[in-house]
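So you can see what is in the structure, the chains are spelled out below.
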Amino acid sequence: MIERLEIARVGRRGDGIAQTPAGALYVPYTLPGETAEVDAWPGHPDRRRLVKIAVASLQRIAAICPHFGTCGGCALQHWARGEYSDWKRGLVVEALAQMGFAAAPELVDPLVDAHGEGRRRAVFHAWRRAGDVLEVGFAALRAHQVVAIDHCPVLAPSLKGAIEAAWAIAEALAAERKPLDLQVTATEAGLDVDLRGSGPLTSARMTELARLAQAHRLARLTRHGEMLAQRAPPTVTMGRARVVLPPGAFLQATAAGEAALAALVLQHCGAAKTVGDLFAGVGPFALRLAERAKVMAADSDEDAVVALRDAAKTPRLKPITAERRDLFARPYLAKELARLDAIVFDPPRQGAQSQARELAVSPVPILVAVSCNPLTFARDARILADGGYRLTRVTPVDQFLYSAHVELVARFEK
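About the thresholds
Residues numbered from 1 in each chain as written. Predicted model: local features only at pLDDT ≥ 70, side-chain atom pairs only at ≥ 80, totals over all residues. Heavy atoms only, no water. 1 Å grid on protein atoms, 1.4 Å probe; cavity = no way out; pocket = protein on both sides within 12 Å on 5 of 7 lines; lining within 4 Å. Points joined across faces, edges and corners; volume = space filled by probe spheres on them. Helix = DSSP H or I, 4+ residues; strand = E, 2+ residues; numbered from the N terminus. Pairing = 2+ DSSP bridges. Axes fitted to C-alpha atoms, helices over the stretch in contact; angles between N-to-C directions. Phe/Tyr/Trp six-rings, centres within 6.5 Å; stacked < 30°, edge-to-face > 60°. Buried < 20%, exposed > 50% of the residue type's maximum accessible area, 1.4 Å probe, protein only. Lys NZ or Arg CZ within 6 Å of the ring centre and 35° of its normal. Core = buried A, V, L, I, M, F, W, Y, C linked by side-chain atoms within 4.5 Å. Contact = heavy atoms within 4.5 Å. Nonpolar A, V, L, I, M, F, W, Y, C, P; charged D, E, K, R; others polar. Left-handed = near helix turned anticlockwise from the far one by under 90°. Patch = residues over 30% accessible without salt bridge, like charges linked within 9 Å, V, L, I, M, F, W, Y side chains within 5 Å. Areas by Shrake-Rupley, 256 points an atom, 1.4 Å probe, with all protein chains shown as cover. Salt bridge = Lys/Arg side-chain N within 4 Å of Asp/Glu carboxyl O. Lys, Arg positive; Asp, Glu negative; His and termini not counted. Charge placed at Lys NZ, Arg CZ, Asp CG, Glu CD.

Section: empty space enclosed by the protein
Here's step 1: Counted under the stated rule, the structure contains one cavity of 30 Å³ or more.
Here's step 2: Of the pockets and cavities examined, the largest cavity occupies roughly 50 Å³.
Here's step 3: In terms of lining, the largest cavity is formed by Phe345, Pro347, Pro348, Gly351, Ala352, Ala369, Val370, Ser371, Thr376, Phe377 and Asp380.
Here's step 4: When residues of the lining of the largest cavity are traced back to their parent elements, those giving at least two are strand 21 (366-371) and helix 10 (374-386).

As for the sheet that holds strand 6 (residues 48-55)
Here's step 1: Spatially, the three strands line up as an open sheet ordered 1-5-6, and their pairing is antiparallel. Where the open sheet ends on each side, the last strands, each with one partner, are strand 1 (3-6) and strand 6. Ignoring which end each strand starts from, the neighbouring axes of this sheet average 35° apart.
Here's step 2: Sheet analysis places strand 1 next to strand 5 (residues 35-40), joined by four bridges and oriented antiparallel. When the bridges of strand 5 are listed, glutamate 6 appears paired with threonine 35.

Structural notes on the packing of aromatic side chains
Here's step 1: Tallied over the full model, the rule gives five aromatic pairs.
Here's step 2: Taking the centre distance of 5.0 Å and the plane angle of 75° together, the rings of tyrosine 29 and phenylalanine 68 count as edge-to-face. Pair noted here: tyrosine 29 is in the loop between strand 4 (23-27) and strand 5 and phenylalanine 68 is in the loop between strand 6 and helix 1 (81-98), with a separation of 39 residues, a long-range link.
Here's step 3: Relative accessible area serves as the criterion here: at 18%, phenylalanine 68 is assigned to the buried category.
Here's step 4: Here the basic side chain of arginine 325 rests over the ring of tyrosine 332, its NZ or CZ set 4.0 Å away from the ring centre.
Here's step 5: When the ring centre of phenylalanine 101 is taken as reference, the NZ or CZ atom of arginine 382 above it lies at 4.7 Å.

Topic: the nonpolar core
Here's step 1: Core analysis: the largest hydrophobic core is formed by 90 residues, its most contacted members being Leu96, Phe124, Leu209, Phe377 and Phe412.
Here's step 2: Residue contributions to this core peak at eight residues, all from helix 3 (residues 162-172).
Here's step 3: In contact with leucine 209, not counting residues within four places along its chain, are Ile169, Ala172, Leu173, Leu195, Leu201, Leu221 and Leu228.
Here's step 4: Grouped together as the second largest cluster of nonpolar side chains are 43 residues, Leu245, Ala260, Ala304 and Ile366 included.

Digging into the layout of surface pockets
Here's step 1: Estimated volume of the largest pocket: approximately 1000 Å³.
Here's step 2: In this structure, the largest pocket is lined by 42 residues; those nearest its centre are Gly72, Gly73, Arg119, Ser403 and His405.
Here's step 3: Those elements that provide at least two residues to the lining of the largest pocket are strand 8 (121-129), strand 9 (133-139) and helix 10.
Here's step 4: The leading source of residues in the lining of the largest pocket is strand 8, at four residues.
Here's step 5: When its residues are assigned to classes, the lining of the largest pocket shows 26 nonpolar, nine polar and seven charged.
Here's step 6: Quantified by volume, the second largest pocket comes out at close to 710 Å³.
Here's step 7: Taken together, 33 residues line the second largest pocket, and the ones lying closest to its centre are Phe250, Asp346, Pro347, Pro348 and Arg349.
Here's step 8: Where the lining of the second largest pocket is concerned, the elements lending two or more residues are helix 5 (255-269) and strand 21.
Here's step 9: Residues of the lining of the second largest pocket, tallied by class, amount to 18 nonpolar, six polar and nine charged.

Points about the sheet that holds strand 4
The pairing of strands in a sheet comes from backbone hydrogen bonds and takes either a parallel or an antiparallel form.
Here's step 1: The three strands lie next to each other as 2-3-4, forming an open sheet whose pairing is antiparallel. Looking at the sheet topology across the chains shown, the edges are occupied by strand 2 (9-10) and strand 4.
Here's step 2: Pairing analysis gives two bridges linking strand 2 to strand 3 (residues 16-20), with the strands arranged antiparallel. Among the inter-strand pairings, valine 10 is bridged to a residue of strand 3, identified as glycine 16.

Side note on the packing of helix 1 against helix 10
Here's step 1: Close contact between helix 1 and helix 10 brings their axes to 9 Å; oriented N to C, the two are set at 35°. In terms of crossing hand, the pair formed by helix 1 and helix 10 is right-handed. In this structure, helix 1 uses Leu91, Val92, Ala95, Leu96 and Gln98 to contact helix 10, whose residues at the interface are Pro374, Leu375, Phe377, Ala378 and Ala381.
Here's step 2: Among the residues making up the contact of helix 1 with helix 10, the classes are represented as nine nonpolar, one polar and no charged.

What to know about a positive patch on the surface
Here's step 1: Taken together, the side chains of Lys273, Arg292, Lys294 and Lys318 make up a positively charged region of the molecular surface.
Here's step 2: Looking at the element boundaries, lysine 294 is found in strand 18 (residues 294-299).

Structure (structure tokens):
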């Protein structure tokens, strides 16, 4: 049954929110002040499918992609950039305010646009739907289906050929009838592809995949990290260093995003001579910090740590020690950190609660937080503030354009 809803605001996930006597209802692709005609969304009692915009907002603009509204990758192509930027900054302000930071509006800078040329990595999904039709693309919004694509306007030019390669690999494995994920990363040597979900493959199938890697001039093709073909080591440059990426390695979504985050980290660390880099990954911060400071780096991913150690051999860098350490199960104790002048920590979305408790009672003068989740950042910031640290600045960074994701860099002083 079609119903009409008045949209009051946009929520954390980018959905419009309507307040009703039965509670909040969430409607994707709607904006504040709009009247939307909606229908039930089976399996989602607090959500509604958008049927039609009956009264449009003056903030509504034309989407740049024909797949917008079906592909689940972008949530907000329809919102004017100024209001979109204010909303995304507001996600950070709201999260901090909820954790008792009364000065949040003054602490949070304007949003930094770090989309740059676009995203340099993407995960494509492939499976067969009813009718035995192969589809390769991105996941639909909150649905177990794939939206087939032949282009994506938010991908960087360096990912040219990625969609075609993903389709070719999926077609070669179509007879396996298994859902596939293909992580594609743009590197200086070309596209680096890690294939997941295929199950065991025959030698003939492996040979065919190696042939496709050559035909599409992939830098490397791996399967769950297992080498299938390599034309050249897939590298990226971080500061002075060149890093050979492990298969399926984490990398900031855009080159501009990595540069913006790193610039803020360097600025906040100032003249520190010894710096800790926790959750260091392959070293986007450690390798740049090492141009002027000794660095103690740690991460739970052994392959990332090995890649960082190799890159740390770059001439004219100060020493970097890199340790494999699970900072959730075994955080650094305050006494282990006491000799450092500054600490950078960049945890995954769940934040760094255990490590934050130890940081809070450490004597380190400067802490720099990098986060991709304002909610867990605010929680950890509260722990640090209660331990005697003062939050002095927060800069939100937007590298996931049109999505509800926002990164940030924050400085704390003891």
